[in-house]
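Structural description and commentary
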Amino acid sequence: MLNGNRRLKLSKLSLIYWGIALLVCVLLFVSDVFFSGSKVMYDGDGSDLSILSYERGVYAIDVDYSSDCYGMISLTPSSDLDQWGASYKNAFMPDYSNHVTSYLYINQSDSKFEIAIYPVQESDSFNVSHVCVVRMRARSAVYRAFRMFVRFLVIYLISYVIFELRKGTKDRNNINNRLLILGMFLLTLISMMGFMQSYIPGGQDAEFHLARIASIAEGISSGSFPVRIYPCFVNDYGYPLGIMYGDMFLYPSALLHLIGMPLWKCYVFYVAMISAITVIIANYSFGEMTGDRNIGFIGSVIYTLSIWRLNDVYIRAAAGEYAAMAFLPLVVLGFYKLFSNIDEDDKKRDDNKVLLYLVIGYFGLIQTHMLTTIITTVFLSVIGIVLCRRILIKSKLMLILKSAGIAFLANLCFIIPVIDYYRSYDLAVEHQSVNIQDQGAYLSQLYMTGGLFSGGSYSLQESYGINGEMPLGIGLAMLIILGILLFVIIKDDKNKYRTILIICGVVAMISIWMSTCYFPYDFIARRIGFLARIINRVQFPWRYSVITTMALSVASVFLIKYFKEKERTQFLIISVSLLLITVVQAVSFVSERLETNEYYISADCVDQIAASLIDNDTLYWMQGMSRDDLDSREIIASSEDIRGLLVREDVPSVDIAFSNTSDSAGWIEPPILAYKGYHAYYQGDELQIQEGDNYRIRVEVPSADDGVISIRFIEPLIWRIGEVISLLTWILVSVWAIRCHKSRC
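Residues numbered from 1 in each chain as written. Predicted model: local features only at pLDDT ≥ 70, side-chain atom pairs only at ≥ 80, totals over all residues. Heavy atoms only, no water.

**Brief notes about the nonpolar core**
Ranked by internal contacts, the top residues of the largest apolar core, which has 178 residues, are Tyr267, Tyr270, Leu501 and Ile709. Of the residues forming this core, the biggest block, 15 residues, is contributed by helix H10 (residues 319-338). Excluding residues that lie within four positions of it along the chain, tyrosine 267 makes contacts with Phe195, Ile200, His209, Leu210, Ile213, Ala317, Ala319 and Tyr322. Counting residues in hydrophobic clusters, the runner-up holds 23 residues, among them Tyr54, Ala91, Ile115 and Val133. (Core = buried A, V, L, I, M, F, W, Y, C linked by side-chain atoms within 4.5 Å. Buried < 20%, exposed > 50% of the residue type's maximum accessible area, 1.4 Å probe, protein only. Helix = DSSP H or I, 4+ residues; strand = E, 2+ residues; numbered from the N terminus. Contact = heavy atoms within 4.5 Å.)

Here you go:
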């Protein structure tokens, strides 16, 4: 009763606290909107730019220019500005563009900045025509209110942890729960410790994913939802990454960027969110597998701080792959529960939980990284075939089919557009040729955690050896787990976890083999032609290290449980040793990564990384598309009598003012790629769209007329139907899950 009253009191205090927090944030927002408002700090040609004083808020610096070389917008603060008083970055001005926007985030009143605009190299053609510096009213208000909300949240979390730790109780379970929560919180912080500075520590694909976040934000601001065509790629021609890549988990970061958060901080938020999801799911999954939450936590440490996952986060910046790794344990948990009678004949399966594990797990995989989804499904299918005697039971088959069906319906919003585009176009990804075997790792690289962090895996192909390659190994901790696993399997043939350990061992060794240069990829591709395309889709053999990491992490928790049931001393030695090796190895890996960092990213907006986004990703270009013509954003016309001017460039929403003085109809080709879904309208009538030169959109122009043509991207009806079905599926699954939880079914 006393605990109940205490909880009720805590709930009331929390409600009062958040009521006050919400009131403060709303008042701050209202005061900023109505009393501070928008303010033009400068509007001119830039020749008389001087040191300006700024109040708190978000400022946009718009520059119109022309040049045959790169330029720079340089921001220099006054000497009295505090370290965290402002967030600002210099912005490049690409020679292929004529407009750049940079942002200045001011957290300290009366901050003084000098703005300088100049060419990077000597040029007589560098000309700035217009500069405008304006305080953005709505974005400033939301940004300040959001910062205040974060402060309240941090204070609340710290207070809650202190309260829970200080609260006296004799209930051992409550103490254990609090320690687990604290441990998970610290594990999340350790896993992303390399992002606790005022920049992103580089990463091979970091700029690509920053641009994805910025594209979603820009797409939403122009009225698109979901954002299928990304505006920030291919020189703003529009690129269908929102169709070909799952991006649902990027939307929270995009919304933060939309309300004013700097772009690099939005990516840090994404890393933090995915790290927290990884820790929570791994802790829960391993705990459910072993029936021991403490072992589950140990497993989450081994998995979250595994070298390959850290490689994905810090070196490759493979946002899709490490996000998929967050949901992989849940899929494995579902299949383990499905076959739980492998080791424990008296253990009853909870079909409802299994269904939820598989549906949520596969939803997360599909919405983050399709390659990991396919690789995982292939390995699980092979295991299912091997264990066919266990699966050829009506109840299990029905459960698998039901889970697959619900997962399919839940992902129709993604599956339908992808299939539609693959059927509609001959994409470059279908023609890529990769000598995949030469990019595999040597066995000697499996334990290595050092290397050239900006390197790739091409040096084997170019006969340079491993010098200059990025780390390709799984780390010492995983190899030790594999050694202990083999020892236990060989020594104790009556071990009740023997079957699951053998499965993990076989999967680990096969996936290790497939990640090396010793697996006969080239031989298979030559002898079995249709497999060549499938093999090439994987691109890099070391992608299978995800499976190795998952298999050995599962093996580790069952090994720890095995030793715990056998002898406590061995259990403590194994557990502590694996934890120490994993943590020390992870800290050393990240520290070396940061100390030898060759470049970092701190872009506040996408314009600051625009130079790398024209051909950053070409997999979904239409086959035969030329890079040479993409620098220009000029409108091409069928004759000199036709003129066109872009008056709105919010790709995929574009407006073009045209004039045709000829008595015959013609056409114009705006800088938009002719992907399926575009429609052109003039005075309420739809105009014909064709495929023009270099896969530009070609729009029909009426004769002897002038006006504005509107081009919009409109999803086909079948796509919208898929989105509705996915939404309804999740609503029904959520309602069913809540009812089951309440009735304990």
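**Quick word on the pairing of strand E18 (residues 705-713)**
In this sheet, E18 lies alongside strand E12 (residues 653-660) in antiparallel orientation, the contact comprising 7 bridges. In the sheet register, alanine 657 faces E18, and the bridge partner there is valine 708. For strand E14 (residues 678-682) and E18, the ladder comprises 4 bridges, and the chain directions are antiparallel. Along E18, the bridge assignment pairs tyrosine 681 with serine 710. (Pairing = 2+ DSSP bridges.)

**Side note on helix H21 (residues 568-595)**
For H21, spanning 28 residues, the distance from its first C-alpha to its last is 40 Å, which sits close to the expected 40 Å at 1.5 Å a residue. Every buried residue of H21 is listed here: Phe571, Ile574, Ser575, Leu578, Thr582, Gln585, Ala586, Phe589, Val590 and Arg593. (Expected span 1.5 Å × (residues − 1).)

**Concerning the pattern of salt bridges**
One pass over the full model with this rule turns up 14 salt bridges. Where lysine 676 meets aspartate 420, a salt bridge forms, and the shortest distance between an N and an O atom there is 2.8 Å. Placement of lysine 676 in the loop between strand E13 (666-669) and E14 and of aspartate 420 in helix H15 (residues 412-424) is noted, with a sequence separation of 256 residues between them. Overall, the relative accessible area of 31% leaves lysine 676 in the partly exposed class. We classify aspartate 420 as buried; its relative accessible area is 14%. A salt bridge links glutamate 669 to arginine 698, with the shortest nitrogen-to-oxygen separation between them at 2.6 Å. Residue glutamate 669 is located in strand E13, and its partner arginine 698 is located in strand E17 (residues 697-701); the two are separated by 29 residues in the primary sequence. Considered together, glutamate 669 and arginine 698 belong to a single accessibility category, that of buried residues. (Salt bridge = Lys/Arg side-chain N within 4 Å of Asp/Glu carboxyl O.)

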